[in-house]
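# Structure assessment
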Amino acid sequence: MISKLKNLGPGLLFAGAAIGVSHLVQSTRAGADFGLGLLWALLLINLFKYPFFQFGPRYASATGESLLDGYKKLGKGVLVTYYIITFATMFTIQTAVTIVTAGLASSLFGIFFSIEIWTVIIIIICLILLIAGKYKLLDNLMKVIIIILTITTILAVSLALINNTEPINFNQVLPINSIEIAFLIAFMGWMPAPLDISVINSLWVVEKKKNIKKFGPKSAIFDFNVGYISTIILGIGFLLLGALVMFNSGESFSNSAGKFSNQLINMYKTSLGNWSWAYIIIGIAAFTTMFSTTLTTLDATPRAMAKTTKLLFKKHTNFGYLFWIGLLSLGTIGIFIFLASEMGLLIKIATILSFLTAPFFAIVNYILISSKHTPKEWRPSKKLDALSWLGIAFLIGFSLWFLTTL
């Protein structure tokens, strides 16, 4: 068990990428607007997405190659589709997570810099960490970040429960109007993360295997399960925080990153007794949450796009990791300059796009893991196979339901 814990890595990176907008923004908003009424949605989407996320580390550890290599074996059209989807969404997604991080930094340390300058500073810090330290630094740093995030979030939830004087209502809610349904789809779109993170996770597993040769399928699945369970626990934690602190408060969230961050932290601060140390706990939990997401996503997409470019063109190109991380950084800053006041819109677009593209990743990952390209002993069991079919039906059904309400 100790050796397994020491080998943790890609699963925690998955958690770092997942625990961000979906938790701090969407889960908190779900709690603020519906109390614990959407707990069913949080648990259900985590259940039905689980197989398709797990197929990433399962395939990579069993074959020694990423899902992208597997996509190519299924046909060039699959890889091209992935390339188009990722390029079409990567700037919006990165901007959505970075703008929240910058807003929190501005709220916590705003006396020094504006939110615009904080955006540039955060991007530069992430670039230095990723380019100088590469995967090994990211792997080690994320272990520390996840520990800090878990401890501070648990403390924040505990404080909110201690100060709560109202009975907790567990009545579940099914959104009925178009606005509520749109929020439900957005909530599930990034809960616990977009399904394309499975591709990135497989790339992280391949990198991990370069450092630890014995990082086989059993270790990879255990590592992933630790990270996945962490995202579920913290997702429930942020839902509870939103429900306990903000539900029926009469407050509405701003679409401006800076104003939203101030509202979030100040509401927590007031509700938790206005203690300075409570403010610090909330601030650290919130900022750590978003910084970890910004850091991991800034590494993830360039890594995937560089690999996809290489596979598609079958030769060395100048469009490697450094090119894509530079392009993504500049694109993020550019979008932020023009849409800083539309954080809510950016997040809504990014999360809904992630949900609508989820069936593609679910189907392709399932076909690949069940095919001849995966060693027979590591193909899905009957139970996992059944859950996969249910998950595909759920994702397609909810996507069609959303499209019919537009």
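My aim in this report is to walk through the structure given alongside it, one point at a time. (Residues numbered from 1 in each chain as written. Predicted model: local features only at pLDDT ≥ 70, side-chain atom pairs only at ≥ 80, totals over all residues. Heavy atoms only, no water.)

## So, the overall build of the protein
Defined as follows: Strands are runs of DSSP state E lasting at least two residues, helices are runs of H or I lasting at least four, and both sets are numbered from the N terminus onward. Only protein chains enter the calculation, and the probe is 1.4 Å; a residue is then buried if its accessible area is under 20% of its type maximum, exposed if over 50%, and partly exposed in between. We call two residues in contact when some of their heavy atoms are within 4.5 Å. Surface accessibility in these figures is a Shrake-Rupley result with a 1.4 Å probe; residues are shielded only by whichever protein chains are displayed.
When its secondary structure is counted, the protein shows 15 helices and zero strands. Counting the 406 residues in the protein, one finds 58% classified as buried. For the protein, restricting intrachain contacts to residue pairs at least 6 apart in sequence, the fraction spanning at least 24 positions comes to 86%. Surface exposure of the protein reaches about 16,600 Å², of which carbon and sulfur atoms provide 68%.

## Side note on helix α4 (residues 39-63)
Rules: A helix is expected to span 1.5 Å for every residue after the first.
Here α4 is 25 residues long and its end C-alpha atoms lie 37 Å apart, about the 36 Å a rise of 1.5 Å per residue gives. Taking burial as the measure, the 25 residues of α4 include 19 buried ones, the bulk of the element.

## Things to note about the pattern of salt bridges
Quick note on the threshold: Every case where a carboxyl oxygen of Asp or Glu lies within 4 Å of a side-chain nitrogen of Lys or Arg is listed as a salt bridge.
Under the definition given, this model contains four salt bridges. Two residues, D69 and K307, come together in a salt bridge whose shortest N-O distance is 3.4 Å. Within this pair, whereas D69 is found in helix α5 (residues 67-74), its partner K307 is found in helix α12 (residues 276-313), the two being separated by 238 residues in sequence. On the basis of relative accessibility, which here comes to 26%, the residue K307 falls in the partly exposed class.

## Thoughts on the packing of helix α2 (residues 10-18) against helix α10 (residues 217-245)
Two quantities define a packed helix pair, namely the angle between the helix axes and the distance between the axes. To be explicit about the condition: Lines fitted to C-alpha atoms define the axes here, with helix axes fitted over just the stretch in contact, and angles between the N-to-C directions of these axes take values from 0 to 180 degrees. Relative orientations are named as follows: roughly parallel for angles under 35 degrees, roughly antiparallel for angles over 145 degrees, roughly perpendicular for angles from 65 to 115 degrees, and oblique for any other angle. In this scheme the crossing of two helices becomes right-handed for a clockwise turn of the near helix relative to the far one and left-handed for an anticlockwise turn of less than a right angle. Throughout this entry, Asp, Glu, Lys and Arg are counted as charged residues, while Ala, Val, Leu, Ile, Met, Phe, Trp, Tyr, Cys and Pro are counted as nonpolar. The remaining residues, Gly among them, count as polar.
At a closest axis distance of 7 Å, the pairing of α2 and α10 adopts a crossing angle of 25°. Comparing the axis directions of α2 and α10 gives the class roughly parallel. Between α2 and α10 lies a crossing of right-handed hand. Where α2 approaches α10, its residues P10, G11, L12, F14, A15 and A18 are matched on the opposing element by D223, F224, V226, G227, Y228 and T231. Of the residues belonging to the contact of α2 with α10, the class tally is eight nonpolar, three polar and one charged.

## Overview of a nonpolar patch on the surface
The cut-off we apply is this: Residues form patches when they are more than 30% accessible in relative terms and have no salt bridge. Like charges link within 9 Å. Nonpolar side chains (Val, Leu, Ile, Met, Phe, Trp, Tyr) link within 5 Å.
A surface patch of nonpolar side chains, about 400 Å² in accessible area, is lined by I363, I367, I396, L400 and L403. Here the element with the most residues in the nonpolar patch is helix α15 (residues 382-405); it accounts for three residues. Here I367 lies in helix α14 (residues 343-369). The exposure class of I367 is partly exposed, given its relative accessible area of 44%.

## Points about the packing of aromatic side chains
What counts is decided by this rule: Centre distance within 6.5 Å is the pairing criterion for rings of Phe, Tyr and Trp, where only the six-membered ring of Trp is used; planes under 30 degrees apart are then read as stacked, over 60 as edge-to-face, and the remainder as tilted.
Tallied over the entire structure, the rule returns 22 aromatic pairs. Between F48 and F394, the aromatic rings sit 4.8 Å apart at their centres with planes inclined by 35°, giving tilted as the arrangement. Of this pair, F48 sits in helix α4 while F394 is found in helix α15, placing the two residues 346 residues apart along the sequence. Overall, F48 belongs to the buried group, its relative accessible area being 11%. Aromatic pair Y82 and F361: ring centres 5.9 Å apart, planes at 85°, arrangement edge-to-face. Linking Y82 in helix α6 (residues 76-109) with F361 in helix α14, this pair joins segments that are 279 residues apart in sequence. Pair check on accessibility: Y82 and F361 agree, each one buried. Put simply, the rings of F14, Y50, F53, F224 and Y228 pair up and form one aromatic cluster.

## Side note on the nonpolar core
In a soluble, globular protein the nonpolar side chains are often hidden away together inside. Let me state the cut-off plainly: Residues grouped as a nonpolar core are buried Ala, Val, Leu, Ile, Met, Phe, Trp, Tyr and Cys residues, joined through side-chain atoms within 4.5 Å.
Residues L68, Y71, F187, M188 and L395 are the most contacted members of the largest nonpolar core, which totals 123 residues. Those residues in contact with M188, other than ones at most four positions away along the chain, are A41, I45, K49, F355, F394 and F398. If you look at the next biggest cluster of nonpolar residues, it comprises five residues, including A60, V205, V206 and F215.

## Details of the side chain of Q54
Applicable threshold: Pairing of N or O atoms within 3.5 Å defines a polar contact, subject to two protein rules: one partner must be a possible hydrogen donor and the other a possible acceptor, and residues neighboring in sequence count only if both atoms are side-chain atoms.
Of note, Q54 is situated in helix α4. Residue Q54 is classed as buried on the basis of its relative accessible area of 4%. For Q54, the side chain forms a polar contact with the side chain of R58, separated by 2.7 Å. Setting aside residues up to four positions removed in sequence, Q54 forms contacts with I221, F224 and L384.

## Quick look at the environment of M90
Within the element layout of this structure, M90 appears in helix α6. Sequence separation of M90 and A350 is 260 residues, and the distance between their C-alpha atoms is 8.9 Å. Filtering out sequence-adjacent residues up to four positions away, M90 remains in contact with T301, M305, W324, L327 and L328.

## Observations concerning the packing of α5 against helix α9 (residues 197-211)
In the contact formed by α5 and α9, the axes pass within 8 Å of each other and the chain directions differ by 115°. The segment α5 lies against α9, with L67, L68 and Y71 engaging S198, V199, S202 and L203.

## With respect to the environment of F55
Mapped onto the fold, F55 is located in helix α4. Spatially, the C-alpha atom of F55 lies 9.0 Å from that of R379, the residues being 324 residues apart in sequence. Among all residues touching F55, those that are not within four sequence positions of it are L67, N365, Y366, I369, P380, L384 and S388.

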